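Analysis of the macromolecular model
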Amino acid sequence: MSPKIRNFLVGLIIFLFILGIGGSLLYKNWVKTNTPLSFPQVNGEINLKGLDDPVDVYRDEMGIPHIYASSLHDLFMAQGYVQAQDRFWQMDAWRHIGSGTLSEMFGSAQIETDAFLRTLGWKQTAELEYASAEGDAKLMLDAYAEGVNAYLDGRSGTELSLEYGILKLLNADYIPAPWTPINSLTWGKAMAWDLRGNMGAEIERAILLKTLTAEQVDMLFPPYPVDHPVIVPTIGENAALTDNKVMAVLSTPATTDLLENVKTNFALLESVLGPTGAGIGSNSWAIAGSRTDTGMPLLANDPHLGIQMPSIWHQIDLHCLPVTEDCSFESEGFSFPGVPGVIIGHNAKVAWGFTNVGPDVMDLYIERVNPEDPNQYEVNGEWVDFETRTEIIKVGGGDPEEIIVRLTRHGPVISDTYGPLKDEDLDKDKEPFKDKAGIDLPENYVVALSWTALEPGSVFEAIWGFDNAQNWEEFREASRGFGVPAQNLLYADVDGNIAYQMPGRVPVRANGDGRYPAPGWTDEYEWIDYIPFEEQPWLLNPQSGFIATANNQVNPWDYPYLISTDWAYGYRAERIVNMLESGPEKIDIAYIQQMQGDGKNLNAETLVPLLGQIPLEEHLAERYALLSTWDYQNNMDSAPAALFAVYWKNLLAVTFNDDLPEDYWPEGGSRWFEVMRNITPDENNFFWDDKETEEKEKRDDMFIRAFKLAVKEIEDLQGKDPSAWNWGELHTATFENQTLGQSGIGPIENLFNRGPFPTAGGESIVNATGWTTTDGYVVDWLPSMRMIVDLNDLDNSITVHTTGQSGHAGHPHYIDMADMWRNIEYYPMYWDQGSVVSNSEDHLRLVP
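Residues numbered from 1 in each chain as written. Predicted model: local features only at pLDDT ≥ 70, side-chain atom pairs only at ≥ 80, totals over all residues. Heavy atoms only, no water.

On to the pattern of salt bridges. This model, assessed by the stated rule, comprises 33 salt bridges. Residue Glu455 is joined to Arg505 by a salt bridge in which the shortest nitrogen-to-oxygen separation is 3.7 Å. Taken together, the positions of Glu455 in the loop between β16 (445-451) and α15 (459-468) and Arg505 in the loop between β18 (498-501) and β19 (507-509) put the pair 50 residues apart, joining distant regions of the chain. Given a relative accessible area of 16%, Arg505 falls into the buried group. Residue Glu674 pairs with Arg677 through a salt bridge whose shortest N-O separation is 3.1 Å. With a gap of 3 residues between them, Glu674 and Arg677 both fall in helix α22 (residues 670-679), about one helical turn apart. With a relative accessible area of 3%, Glu674 lands in the buried category. Salt bridges sharing common partners tie together Arg118, Arg389 and Glu391. (Salt bridge = Lys/Arg side-chain N within 4 Å of Asp/Glu carboxyl O. Helix = DSSP H or I, 4+ residues; strand = E, 2+ residues; numbered from the N terminus. Buried < 20%, exposed > 50% of the residue type's maximum accessible area, 1.4 Å probe, protein only.)

As a further point, take the packing of helix α7 (residues 135-152) against helix α9 (residues 181-194). In a packed pair of helices, the relevant descriptors are the angle between the two axes and the axis-to-axis distance. Interhelical geometry of α7 versus α9 gives an angle of 110° and a closest axis separation of 8 Å. The orientation of α7 relative to α9 falls into the category roughly perpendicular. When α7 is examined against α9, the residues Leu141, Asp142, Tyr144 and Ala145 are found in contact with a partner set consisting of Pro181, Ser184 and Leu185. Of the residues that constitute the contact of α7 with α9, the class distribution is 5 nonpolar, 1 polar and 1 charged. (Axes fitted to C-alpha atoms, helices over the stretch in contact; angles between N-to-C directions. Parallel < 35°, antiparallel > 145°, perpendicular 65-115°, else oblique. Contact = heavy atoms within 4.5 Å. Nonpolar A, V, L, I, M, F, W, Y, C, P; charged D, E, K, R; others polar.)

To continue, consider the environment of Asn444. If you trace the backbone, Asn444 turns up in the loop between α14 (430-437) and β16. For Asn444, a relative accessible area of 31% gives the class partly exposed. With 67 residues separating them along the chain, Asn444 and Tyr377 place their C-alpha atoms 9.6 Å apart. Ignoring anything within four residues of it in the chain, the contact list for Asn444 reads Glu367, Arg368, Val369 and Pro371.

By the element assignment, Asn183 lies in helix α9. The class of Asn183 is buried, set by a relative accessible area of 14%. A distance of 2.9 Å separates the side chain of Asn183 from the backbone nitrogen of Thr180, its partner in a polar contact. With residues near it in sequence (within four places) discarded, Asn183 still touches Arg95 and Pro178. (Polar contact = N/O pair within 3.5 Å; in protein donor to acceptor, adjacent residues only side chain to side chain.)

Spatially, the 12 strands line up as an open sheet ordered β1-β30-β2-β3-β7-β8-β9-β10-β17-β18-β22-β4, and their pairing is mixed. At either end of the open sheet lies a strand with only one pairing partner, and these are β1 (44-47) and β4 (236-237). Sheet topology places β1 next to strand β30 (residues 840-847); 4 bridges connect them, and they run parallel. Residue pairing across strands places Ile46 opposite Leu846, the latter belonging to β30. Helix-sheet contacts for helix α3 (residues 72-99) involve β1, β2 (55-60), β3 (65-69), β7 (314-320), β8 (330-335) and β30, and the interaxial angle to β7 is about 160°. Taken strand by strand, α15 contacts β8, β10 (350-356) and β17 (487-493), and its axis lies near 150° from that of β10. (Pairing = 2+ DSSP bridges.)

Looking at the chain, pLDDT values average 89 and 88% of them are 70 or higher. In this model residues 1-9 is a low-confidence stretch, pLDDT under 50, and it forms 11 contacts with partners more than four residues away in sequence or in other chains. (pLDDT = per-residue confidence, 0-100.)

The subject of this paragraph is the side chain of Asn347. Locating Asn347 in the fold gives a position in the loop between β9 (344-346) and β10. For Asn347, a relative accessible area of 1% translates into the label buried. A polar contact is formed between the side chain of Asn347 and the backbone nitrogen of Lys349, at a distance of 2.7 Å. When neighbours within four sequence positions are excluded, Asn347 is seen to be in contact with Glu330, Ser331, Trp352, Phe466, Asp467, Asn468, Ala469, Gln470, Leu794 and Trp831.

Of all 10 residues in α22, 8 are buried, a share of seventy percent or more. Looking at α22, one finds that the buried residues are Ser670, Arg671, Trp672, Phe673, Glu674, Val675, Met676 and Ile679. In this structure, the buried residues of α22 make contact with α10 (199-208), α11 (214-220), α17 (571-582), α19 (602-612) and α21 (639-656).

Turning to the nonpolar core, a few remarks are in order. Taken as a class, soluble globular proteins show a tendency for nonpolar side chains to be buried jointly. Counting residues in hydrophobic clusters, the biggest one holds 210 residues, and the most contacted among them are Leu220, Trp451, Trp648, Phe656, Phe707 and Leu846. If sequence neighbours within four positions are ignored, Phe656 has contacts with Leu220, Pro666, Trp672, Val675, Met676, Ile679 and Phe687. Counting 22 residues, the second-largest nonpolar core is a separate cluster that includes Leu298, Ile576, Ile587 and Tyr826. (Core = buried A, V, L, I, M, F, W, Y, C linked by side-chain atoms within 4.5 Å.)

In this section: the sheet that holds strand β20 (residues 518-519). Reading across from one edge, β16-β11-β20 is the order of the 3 strands in this open sheet, with mixed pairing throughout. A strand with exactly one partner marks an edge of an open sheet, and here the two such strands are β16 and β20. In this structure, strand β11 (residues 362-368) lies alongside β16, joined through 7 bridges in antiparallel fashion. Opposite Tyr365, over in β16, you have Ala448 as the bridge partner.

What follows is the structure, given as C-alpha cells:
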C-alpha cells in the first residue's frame, strides 16, 4: 500500500472518530493487516546522520530495546532515537507540561494550567541547570536531543503518532518543535511536583480550622504510629533493628507535631500529571545474602504512581561495547521517555530502587502587601518591590495571553494562579487560623511558595552517577546531588552489601514546622539551612539482614532534625517487615513475587472484629459471616474483600462527611486507617455523632448504619447472591491516554484507552492498587512497575510494568503487559549479551 493511500485511510478513520461512528473499531481491525507509518522500524538498517559508528539495537519478546554502542555520544543518541520511535507523543506532551506550553498544543482550555506552570518557572530553573552541566552530563543531554531530532527529521503528523492526526483537526497549525536538553530537564520538575511535600495539607489544615477545633483537626492528622516500623532505627553501618518499634513512653512527639499529608486538591495539574495522594509512594526492600537461597542479595522495588497510558516508564538496556575508559556505561532498567540514562535498575556491579521520602520541602508564606502600593510587600518592617516576570502564553487556534508573575524573596506568588488558594478565602475567620498558625492574616496579602525544586539542582546527574557507580561509596557520593524529589535510595551490590541512603535538600527552619502557612514579613520563619548530607539517615548491612521502605517514617525517634510530619502511616511497611521476618529461612525470588502481590488488608484486620462484636439484624448477620471467615487478602475473586471495601467507603462517609467541607471528605488511605484506629476505642468520640440528626449517635450506631448501606450497595452492584460478589469486578484498572484519552469523545477514548481490567490489591496494601472512596472503587494509582534484581546472577532478574513498551495505539506492544501486571507475573531482564542476542526478536542497526 502506498504511503499516500495509507495516509488517506488514516485520515478517513480519524474523520469517522469525530463523527462517532465506529472509527476506533475500524482502526483496530485495520492495524491487524496493515502497519501504520508511526510503528517503528525495528529490523534492518537505518542511516542516522550524526553517529560516529554503527549501533546495534536488539529487541526482546516484550519489545525492550537493548542498545550497544562504542561511544557515549552514540549510545545516548541511539537512546533518544529509540525512545522517540516508541513514545514521541508522550514525550511531546510531557515537555509541554514541563515548560507550561500546553495551550500551544491543545488550545485555550489549558491557559489556566499554563499560567500556574509558568508561575512556578520550571523552564527557567531547567535552563539554569543546563547552563551549569559539564562533562558527560552535558554530552548525554546533547546526544539524546540529537537522537530525538534525528527521528523527527522528515517525519510529521501520523508518521510520528496517530494522535497528531486527531490533533490536526483541533489545532491545524501545530508542528512539534525540535527537542532540546531543556525538555529533558523540565521533566524532573514535573516528577518533583508529583512527589511533592505537604502544600495541600497546609491549605487543608488551615481551612478545617474554620469549622473544627484545633484538637479535632489533630485527630484527623494523627502522629506516625509507634507500633509501625521506621526505615532507619539506628543510623550507620551494621546497625541493630531493636529500636524498629518503640513504645509511646519513649519520646514520641506531641500529637500536634506529627501529622499526615493525604488529602490533596491540586486540580490544575492532576488533569495532566495524574492523581496524587497518599498512594503515590512505593515499596522497596533489599535482602542480604545471609537470608537468601543464593547467598547473595536480592533487591525488590515497585514505585506507585498515577495510572496512565502508556506506562510512565520506558524500559531500556544500555551498553558501551567494548567497555573502555572513555565509554564505560552499562546500565539496565527503567527510564522516563525524554530523559537519557536509567532512572531505576542495575549496572554490572550495583542495583538500586526508589521510594518517595515525602519530606516537607514546600512552605507557604503569607506576604503582607502594601495597602497603598500593591506592587510592594513587607520584609522586616520595610516595603520592597515584587520582582516580576512577563510570560506570553501562545494559544493554538487563538490569541496569545500575557500574565505577570510576581516573585518574593521566598518564591513565586501562587495565590494569583493556583486554584485551591484562589478559590479559598482564608480571611473569612481569622481567629481559628491565628490559634494554630500563630498569626493574624493581614488585610492585604498574597501567598508565596518556597519549594526546593525551584532552586537549580542536579538530580539527573546524581542518577547518572548511580548508573556508573561500582560500589557503595561511589553510589553514596553520587546521591549527594539528589536534591529533589528526595527518595529513599535502596542499594545492593555483587559484593554482598545492602544499604540505604536518604538524600535531598530538606530545610531547617528558624521556627515552626511547616505544617501551617507562616508569616513572610519577618525572618522568624525563614529556612536557615538544609540538613547536612553527613547527618541524613543511612544504613549499611544492618544486623536484621534486610532493609524495607514504604514511604514510612525514615528517621530514628531521637533524630535531631525535622524531615516531615507527613509520612505514610506504615501499614505497608508493617506488612513487608512481617513477611520478611516470618518468611522462609532462605528467601528466593518466588517468595518476593508473592510479597509484591500480597493483598493483606490490615485495616480490615482492625475493623472487622469490632463489627462482629455488635448485634446485627438477621440479614446483616448473614452477610457479616462472609467477613468473619475472611483471611483479609484482597484477592480478585474475593467476596469479603468486595464487601469490606464497600463498608469502608460508607463508614468513612457516615462518620466524617457531616463534619467536613465536601472538598475534604475522606478519600481513604493510611491516614484514615490510623484516624479510625485511634477513635474506635472511644465510642463517644465527637466524630461518631451525626450532626444532621437530633439523636446522639455513638460508634456502634455508625458501624451498623455503614454496614447496612454497604450490604444494600453491593447487592445493587453485584446481585443478592454473595457467591457472585468479587473484588476484581469492582476494582478495575483502565489505562487512559493522559491527553486525547480524556477528551470526552467516546470513539477517540476507545482508540487510545485500554480496560477495564479486574485487579487485586488495594489502598495502603503491599499490592498498592489505590482507589479513592469518594470516586468509587476503580484503580487511580498503582505499582507502575515491579522489579526483582538477583545480585547473584543479573540475568536471572525479572520485571514487569503496566501497559507495554509502545505508545502507539494498536501496536503489539501497546497493552501486552497489562494481564501480566495484574496477575503478578514477570518477564526476564536479559543482561548478558549472549542472552540478549539469543532471545531477541528484532535487530536494528543504526549506521552513520
